[in-house]
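Structural overview
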Amino acid sequence: MRIHGTELTMATVIITFKLMMDSPDTDIDGVKELAKAALAELGGEIGKDEVEEVAFGLKALKLMVVADEKLGTDAMESRLSEIEGVSSVKIDDYRRALG
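Computed from a predicted structure; not experimentally measured.

1. Quick look at the pairing of strand β5 (residues 58-68)
Here strand β3 (residues 12-21) pairs with β5 via nine bridges, running antiparallel. Each bridged residue has a counterpart across the sheet, and for Lys18 the counterpart in β5 is Lys62. When strand β4 (residues 45-55) meets β5, the two strands line up antiparallel, connected through nine bridges. By the bridge assignment for β5, Lys48 is matched with Met64. The hairpin formed by β4 and β5 contains two residues between the paired strands, and Phe56 there has a positive phi angle of roughly 55 degrees.

Now the structure itself:
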């Protein structure tokens, strides 16, 4: 896109996905590795991850993903929800990176 001779580029975004596990026995490290590979195929990169205790031994994996804004979130959310052991995926936060 151009406006008055200046080319505009899409921004880099930081998206925080929250992946809920199917059961307390789900291998979170395995899910994280599969998520890393799936996101890399789409052009995203995990910048930070953390495990959150939910209830009754269930855990959620929070992934802070850095990606180009043009990727959107639908493909990433869809790919993450296909990982075995993940019961649901939601976006907790979406921000444009500055600088």
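2. Structural notes on the sheet that holds β4
Taken together, four strands build an open sheet; the order of strands is β4-β5-β3-β6 and the sheet is antiparallel. Two strands close off the open sheet at either side, each with one partner strand: β4 and β6 (86-96). Between one strand axis and the next, the sheet turns by 20 degrees as a mean value, whatever way the strands run. Where β3 lies against β6, nine bridges are found, and the strand directions are antiparallel. Paired with Thr16 across the two strands is Asp93, which belongs to β6. Contacts from helix α1 (residues 28-42) reach β3, β4, β5 and β6 within the one sheet, and its direction differs from that of β5 by about 20 degrees.

3. Here we look at the nonpolar core
Core analysis: the biggest nonpolar cluster contains 19 residues, and Phe17, Leu19, Leu63 and Leu80 have the highest contact counts within it. For this core, the secondary-structure elements that each account for two or more residues are β3, α1, β5, α2 (74-81) and β6. In this structure Leu63 touches Ile15, Thr16, Phe17, Leu19, Ala35, Leu39, Ile46, Lys48, Asp49 and Leu80, once residues within four positions along its chain are discounted.

4. Some remarks on the pattern of salt bridges
Taken as a whole, this structure holds nine salt bridges when the rule is applied. For Glu41, the salt bridge is made with Arg79, and the minimal N-O distance between the two is 2.7 Å. Placement of the pair is Glu41 in helix α1 and Arg79 in helix α2, with a sequence separation of 38 residues. Residue Arg79 is classed as partly exposed on the basis of its relative accessible area of 27%. Each of the salt bridges in this network shares a partner with another, and the network as a whole consists of Lys18, Glu52, Lys62, Lys90 and Asp92.

The rules behind the values
Along each chain, residue indices are assigned from 1 in the same order as the chain's sequence is written. For a predicted model such as this one, the threshold for reporting local features is a pLDDT of at least 70, and the threshold for listing and counting side-chain atom pairs is 80 or more; totals across whole chains, interfaces and linings nevertheless cover every residue. Values shown for side chains rest on all heavy atoms present in the structure; no hydrogens or waters enter the calculation. Two strands qualify as a pair provided that DSSP identifies no fewer than 2 bridges between them. Only DSSP runs of H or I covering at least 4 residues are called helices, and only runs of E covering at least 2 are called strands; the numbering of each starts at the N terminus. Convention adopted: a line fitted to C-alpha atoms gives each axis, helices being fitted over their contacting stretch, and angles between N-to-C directions are expressed from 0 to 180 degrees. Contacts are assigned to residue pairs with any non-hydrogen atoms lying within 4.5 Å of each other. By convention a nonpolar core is built from buried Ala, Val, Leu, Ile, Met, Phe, Trp, Tyr and Cys residues, the set being connected through side-chain atoms within 4.5 Å. The classification of residues rests on relative accessible area computed with a 1.4 Å probe and restricted to protein chains. Under 20% of the type maximum is buried, over 50% is exposed, and intermediate values are partly exposed. A pairing counts as a salt bridge when a side-chain nitrogen of Lys or Arg comes within 4 Å of a carboxyl oxygen of Asp or Glu.

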